[in-house]
Amino acid sequence: MKSALMRHLVLTIGLSLAASAADSLKVQSAKASSSMAKYPAANAIDGKVSDDSRWVSEASEQPAWLELDLGQRRKLAGIHFFSGFGDKDVVASFKVQFQSGGEWKDIPSAVISGNTSSAVAVPFDQTVSVDTDKLRLWITMPSKGSARVKELVVWPSEVGDLPKIAGGTQAGASQSTIVPLYLNQSGFNLSKPKRFTAPTLADGTKFIVRPAKGGSALAQGTLKDHIGDFTSFDPEGADEFVVEAGGLVSVPFRIGQWWLERVSYQGAVDFMIDSRHYVGNDTQVCRGSFGWRDDHHFGWELHTLVPQYLSNPSAYERMPRQVRYVKPSDPKLWGALEPPAQNAPDLVRLIHWGADVIVTQKLGHEHLKAQLAYFLYAWPALEAWLPAQNYKVVRDYAFATWAAPESDRTYPYDESVDHNLLALKTKIGTTKGCLPPGFSVQPNLMMFEVAKREKRPDADLYFEAASKQAVWMIANLDWNDPLTTKGQRMSEFLTITGLSHFLKEYPDRAPKGLAGKINDWAKVVIRRSDNLWDFRKLDDKDKWTPMGEKPQMWNEPGNVVGLPSSILAAEPFITDAKTKQRLEELVWSHFDNMFGRNPVGRHFSYDAPREVEGVEYGWFKFYPGGIGRLAEARFVIDGSPKNAHYPYHPEVGDIGWTEGWIQFNAAFDISLAYLAWSETNIEAKTSGDQLVIQLTAPLNFDYGKAETARVVVTSDAGDREIVTLTEDSPNARTFSGRVKLSPGKQAAKGDSTLQGKTMVHASYGFGYLGHTSTVNF
C-alpha cells in the first residue's frame, strides 16, 4: 500500500498563532484515548500554546487519538497543530480524520510522517470535501510512548487558504531537501539536449558536471538566464553524475542510450494494464467509464496505444506478458471480438481490449468510433496476433456508424455538436479537453486508407472530410488564442499530429498553406517557451498553466508530457534551422519537466521514487479515490506544478488539484510513439547474394547484453520474411542482420520490377510511423 510520506523543515520556532484566533472555530469538546491527570484532552483546545496547558496521553505502544466535537457541521480548511515539549518530542507521524456517515475517513493531505516541527499547518487540500462535525487526530508514533499536543486549532473554509504559522511549517510544502538545481532526476539520453535550471544563482555562475562519487570536472559551463547546458557531454559507461554550481550539488543522474525510453516503456504499459475498466487492478464498475476507468468518451486510448506499437514494435513484443484474457461476466460489456493469440504482446492485447469494448457496447460517440480507425489502419501489423474475425467485426461496425449523427447515450462532459465524423467540425471545445480542434483529421485519413484497402467506392469521402477540416483549420485557428493550443490541455496533441500526418502522407494533396500553418504554430511554441524552464506557457503574459474557478481546475500534466508528440510531428516541416534546434530543446525540456526540472523539483508521479530508476522526489501526494480508482495502479501521472508555482515559487508547496487520469498517461504514450519514430532509421544494402540490414531504434534497454529486434523484409515478387537482427554490441544504438536473397520465380503480372530486378523492402514499424529502406535485386 502507498503511504503519504511528507518531508518537513527542522526549525526552532516561537509558539504563537499567526492568524487571529477569532477566525478559527471554537471546538465544543475533546476526548482522548487516554490522558495523564495533569494534562487532560481539554487542554488541546483551550486556545493556549503552552507546555503547561497541553494534552499528554498515557505512555503506550499503541496509537493515541484525540477526538474533537465541533458542535455543528462545518466545511473545514485545515488545522494548526502544535506538539512536543518545547521544541522537542514532537509528534512525528499522525493523520487527521473526519467523521462522515458514521465512519472515520482519512484526509489524504493530512497523513503525515517524518515531521520534525513543533508547529505544523495542515491544509485540507480538496481531494475530499471535509464537511463534518467531528475530527480525530490519530497519532501513530507517540514520542517516548506519549503523545504531547499543546494545541489543535481548527480553521473553517471561510478563511480561504489555511493561514500560515509564523515560523512554522506547512505539511507537504517543505522543499528543504530538494536542492535548487533542477534537472531530470533520472537521467538523459546520449546526444540529446541536457539542460538544468538554477533559479537562485546569478547569471555568469560557473558550473561543472562531475562523477557523483567525487572527482574532477568532466564538463563545465556558465549559467545564462538561470539555465545551464551540458548537451555536448556524452560519456560512456554506467557512472552517475551530478551538477555542481554556486556551492550547490544536484541529485545524481545517469546518461545513456535511449535513457528516457529505458525507464519509461514498461511503466507506460503497466499503467494501461492496471487502469482497465472491469478487468484491471480494480474491478469495480465505474461511472462514465468504458475500456478504461474514468476515460469517458475522450480517453484517446487507441489514438495512442496503436501509434506506440506502430513506431517501435519490437520493444513491446519483447516485454513480459502480464495480460490474460478474461471471459466477460456480462456479454454486453465485452466479448464481441474473439480473444487474441496466447502469445500476443500486452500492448496488442490492450489495443484488442479497447476495440472490443467499443464494438460490444455499440458505443456511438464520435471520439469512440474514431478510435476504431486506428485499429483498422494498423491491421496489417496486428493480424499476426489477432483473429481475422476481429477485423471484420470492427470494420463493419466502424463503416456502418461513421457518418451517423446520433449518439447511443448521453455522455458526461459531451461538447460534440453531432457524431458524424464526415461532417465539418467548427466548434472548439473548452479546457476540459473533450473537443480539441481537428480531432477528426487523422481518423478520416486512416479510414481513407482502410477504405482503399477494402476497395470501397466511397473511399474518397474520408479523404475529402479530412481535407475540408484541414482547410477550415488553416483559415480559422488563431494559434495566439490559448484555447487552440495549451488550453486544450492533454488533448492538444490531436490537432498538430493530425495536420502533420496529412502533410507527411499526402504532400501533393495537402491543402494550401498547411506547411505554413504548422510553422506558425511552432513559432508560438518557441515564443512562449522563452523562460528559465524552457517551458511553453499558456499565453504571452503571466499565465503559465490553465486555471479555473474551482479547485479541480486544472491539473495539467497531460499537456506537458503530450507536447513533445506535437513538436516531433511538426519538426520535419519546419523550414528554419534555428527553429528546429530550439524545438528539439523543447521536446526534452518538457520530458525533463515531468522528471523534476520544474519549480518544485518533483517527478509528476507520487510513486516515481520506487517505480522509476534514479528518481528521488515524487509528487506531493496521490489521489486515493475518484472514479478512476488509480491509487494502486502503477506509473500514475499524478500532478504537475500549477500557475502559482511559476516562475519560481516552491514555497507555496502542495496546492491545487492532484489526481491521476487515463488521459494524462495517454498523452505521454503518444509522445513516446513520436519519439521512437523520430529516432528510428533503417538501412538496407546488398552484399553479394545477401541483404544486409542495419536498424537504429530505441531498443537498447539492457546495457549488459546484446538484444534483438525484428524487421519485415518483402519483395515486389510477393515474398515476405521476418528477419531477426542482433544488437551490434551489448550497449549499441544499432541492430544488424543478413538474409539470403535468391532470384526466385519470375514476378507475377502486375508486380513492380526494374530492369528485370525485384525491389526488396526492409521495414520497421508500420504506416505513417514506420520506416522502410528499398534496394533493387
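What counts, and at which threshold
- Residues numbered from 1 in each chain as written.
- Predicted model: local features only at pLDDT ≥ 70, side-chain atom pairs only at ≥ 80, totals over all residues.
- Heavy atoms only, no water.
- Core = buried A, V, L, I, M, F, W, Y, C linked by side-chain atoms within 4.5 Å.
- Buried < 20%, exposed > 50% of the residue type's maximum accessible area, 1.4 Å probe, protein only.
- Helix = DSSP H or I, 4+ residues; strand = E, 2+ residues; numbered from the N terminus.
- Contact = heavy atoms within 4.5 Å.
- Pairing = 2+ DSSP bridges.
- Axes fitted to C-alpha atoms, helices over the stretch in contact; angles between N-to-C directions.
- Parallel < 35°, antiparallel > 145°, perpendicular 65-115°, else oblique.
- Left-handed = near helix turned anticlockwise from the far one by under 90°.
- Nonpolar A, V, L, I, M, F, W, Y, C, P; charged D, E, K, R; others polar.
- Expected span 1.5 Å × (residues − 1).
- Bend = angle between axes of the 7 residues up to and from the residue.

A. Highlighting the nonpolar core. Counting residues in each nonpolar core, the largest one holds 182 residues, and the members touching the most others are Phe230, Phe375, Phe502 and Leu695. The element best represented in this core is helix H15 (residues 662–679), accounting for 11 residues. Those residues in contact with Leu695 that lie beyond four places of it in its chain are Thr680, Asn681, Ile682, Ala709, Val711, Leu725, Arg733, Thr734, Phe735 and Tyr764. Within the second largest apolar cluster, 30 residues are counted, among which are Leu25, Phe94, Val120 and Leu135.

B. Just the sheet that holds strand E16 (residues 248–249), in detail. Spatial ordering of the open sheet is given by E13-E12-E15-E16, a layout of four strands whose pairing is antiparallel. Both edges of this open sheet fall to strand E13 (219–222) and E16, since each of them pairs with a single strand only. The sheet contact formed by strand E12 (residues 206–211) and E13 spans four bridges and is antiparallel. The residue of E13 that forms the bridge with Ile208 is Gln220.

C. Spatial organisation of the packing of helix H13 (residues 577–594) against H15. Interaxial distance between H13 and H15 falls to 13 Å at its minimum, and their mutual angle equals 140°. It follows that H13 is oblique to H15 by the angle criterion. Like other packed secondary-structure pairs, H13 and H15 cross with a definite hand, here left-handed. Note on element contacts: H15 touches H13 through Phe668, Ser671, Leu675 and Glu679, opposite Trp588, Phe591 and Met594. Residues that form the contact of H13 with H15 fall into these classes: five nonpolar, one polar and one charged.

D. Molecular detail of helix H12 (residues 557–570). For H12, with 14 residues, the first-to-last C-alpha span of 21 Å sits near the 20 Å given by 1.5 Å per residue. Along its length, H12 reaches its greatest deviation from straightness, about 30°, at Leu563, and the proline Pro564 lies no more than four positions downstream. Along H12, 14 of the 14 residues are buried, which leaves the element largely enclosed by surrounding structure.

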